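# Structure assessment
Chain by chain, the residues run as shown.
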Amino acid sequence: MALETPGEAGAHLLGPLASHYLDVEALPWKPTQVPGIDIKVLVQDKETGLLTALFRWQPGTELPMHEHVEIEQSYILEGSIVDAEGEACAGGYVWRPRGNRHVARSPHGALVLSFFLKPNVFIDQFAGQKLE
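Residues numbered from 1 in each chain as written. Predicted model: local features only at pLDDT ≥ 70, side-chain atom pairs only at ≥ 80, totals over all residues. Heavy atoms only, no water.

### Section: the pattern of salt bridges
- Using the criterion set out here, one finds 6 salt bridges in the structure.
- The salt bridge partner of Arg56 is Asp38, with a shortest N-O separation of 2.8 Å. One end of the pair, Arg56, is in strand S4 (residues 51-57); the other, Asp38, is in strand S3 (residues 37-45), with 18 residues separating them in the sequence.
- Between Arg96 and Asp83 there is a salt bridge whose closest N-O contact spans 3.0 Å. Of this pair, Arg96 sits in strand S8 (residues 93-96) while Asp83 sits in strand S6 (residues 72-83), and the two are 13 residues apart along the sequence.
- When salt bridges that share partners are traced, they join Glu72, Asp83 and Arg96 into one network. (Salt bridge = Lys/Arg side-chain N within 4 Å of Asp/Glu carboxyl O. Helix = DSSP H or I, 4+ residues; strand = E, 2+ residues; numbered from the N terminus.)

Right under this line is the structure:
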């Protein structure tokens, strides 16, 4: 595994088995290809697709049709996300199995902590791309 946290201060000084204590506030937000959704990567392995990240959704944002290549787990810190199956609000948790396809929306905005074994793949708009 080649785990990393983009923008982690002092990472180059750590040994291969060191713990990584992050100043999450200091990590940069990066816009994704979906207008209104920004990402703050906490840890990733670009080779395997493993990703833990914060997602900041602006009010009214829609994540186009996508497929979960492996399980996705999301804990809602603020706001809510909605799809055809339900709504996850602040303090709520939702997981989706491999193969699940849906369009997600955030009518009022959200801050979401998400865990992926492999990145989702877009179906229609941004077809074949991964959310990054």
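### A look at the packing of aromatic side chains
- Summed over all chains, the structure comprises 2 aromatic pairs.
- Where Phe55 meets Phe116, the ring centres are 6.1 Å apart and the plane angle is 80°; that geometry is what we call edge-to-face. Within this pair, whereas Phe55 is found in strand S4, its partner Phe116 is found in strand S10 (residues 110-116), the two being separated by 61 residues in sequence. Each member of the pair, Phe55 together with Phe116, is buried.
- Between Phe122 and Phe126, the ring centres sit 5.4 Å apart and the planes meet at 55°, which makes this aromatic pair tilted.
- Exposure remark for Phe122: the relative accessible area of 3% places this residue in the buried category. (Phe/Tyr/Trp six-rings, centres within 6.5 Å; stacked < 30°, edge-to-face > 60°. Buried < 20%, exposed > 50% of the residue type's maximum accessible area, 1.4 Å probe, protein only.)

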